[in-house]
Amino acid sequence: VAWRERAVASVRRRVPGLPLLPLGSQLRRTPRAVSPSVATDSTPSSSTSHWQEHLRGKSLGERSALQSYMASLRAINGLEAGLMGLSDEELKAKTPGLRERLLRGAKREDVLVEAFAVVREASKRVLGMRHYDVQILGGIALSAGQVTEMKTGEGKTLVAILPAYLYGLEGKGAHVVTVNDYLAQRDAEWVGK
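Residues numbered from 1 in each chain as written. Predicted model: local features only at pLDDT ≥ 70, side-chain atom pairs only at ≥ 80, totals over all residues. Heavy atoms only, no water.

A. Representation of helix α6 (residues 108-126) within the structure. At Glu114, α6 is bent by approximately 30°, the largest bend along its length. Residues of α6 that are buried include every one of Val111, Leu112, Ala115, Phe116, Ala117, Val118, Val119, Arg120, Glu121, Ser123 and Lys124, and no others. Following α6 by one or two positions, Gly128 has its phi on the positive side, about 75°. (Bend = angle between axes of the 7 residues up to and from the residue. Helix = DSSP H or I, 4+ residues; strand = E, 2+ residues; numbered from the N terminus. Buried < 20%, exposed > 50% of the residue type's maximum accessible area, 1.4 Å probe, protein only.)

B. Up close: the packing of helix α5 (residues 94-103) against α6. At their nearest, the axes of α5 and α6 sit 10 Å apart, and the two run at 175° to each other. Taken together, the axis directions place α5 and α6 in an arrangement best described as roughly antiparallel. Here Lys94, Leu98, Arg101 and Leu102 of α5 lie close against α6, whose contacting residues are Arg108, Asp110, Val111, Glu114, Ala115 and Val118. In the contact of α5 with α6, the residues fall into 5 nonpolar, no polar and 5 charged. (Axes fitted to C-alpha atoms, helices over the stretch in contact; angles between N-to-C directions. Parallel < 35°, antiparallel > 145°, perpendicular 65-115°, else oblique. Contact = heavy atoms within 4.5 Å. Nonpolar A, V, L, I, M, F, W, Y, C, P; charged D, E, K, R; others polar.)

C. The pattern of salt bridges, seen in detail. A full pass over the atoms with the stated rule returns 13 salt bridges. Between Asp88 and Arg125 there is a salt bridge whose closest N-O contact spans 2.8 Å. Pair noted here: Asp88 is in helix α4 (residues 88-92) and Arg125 is in helix α6, with a separation of 37 residues, a long-range link. Its relative accessible area of 47% is what places Asp88 among the partly exposed residues. Two residues, Glu170 and Arg108, come together in a salt bridge whose shortest N-O distance is 2.9 Å. Taken together, the positions of Glu170 in the loop between α8 (156-168) and α9 (181-191) and Arg108 in helix α6 put the pair 62 residues apart, joining distant regions of the chain. Given a relative accessible area of 27%, Glu170 falls into the partly exposed group. A single network of salt bridges, built from pairs that share partners, joins Glu80, Asp88, Arg120, Glu121, Lys124, Arg125, Arg130 and Asp133. (Salt bridge = Lys/Arg side-chain N within 4 Å of Asp/Glu carboxyl O.)

The structure is reproduced here in structure tokens:
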């Protein structure tokens, strides 16, 4: 815990006013199995009040950011049913299409929703793991240059895949850093399938 507090303090010194968005166990998530019924199940209405409750006491900037992220999450969830119906080849063809849009001048924010939806579907097919909504929110926050905090076992690797893919679409690559050599090796092999 002490190292985390030192890291947060270090980031805040370098980037004054940067809101740290607590994700993971501090936000309730609804476990879901990977199934076709997931496609119609976006952010559950029962958790909407939880999100509103979570926003109380936050600064205006934090509330605004989380509300913006929630809008993107709803859009990502809305694309899930359509992507489930694509063949593996059709899903793979989404990447060059997104890359082309960026080359034609679109911003990362313009392709974020579709890119994250593609990653979620690819993860379900290749890894057998579907990103929880809170993990998607973590990816959105990282893509926006925010710092997120997640505890052990809450899916940091799945979260990191999202912005890495988004930034990788530009052809510049992305670096994912961890201090644990074992996890770096394991996750590189796991995600590189």
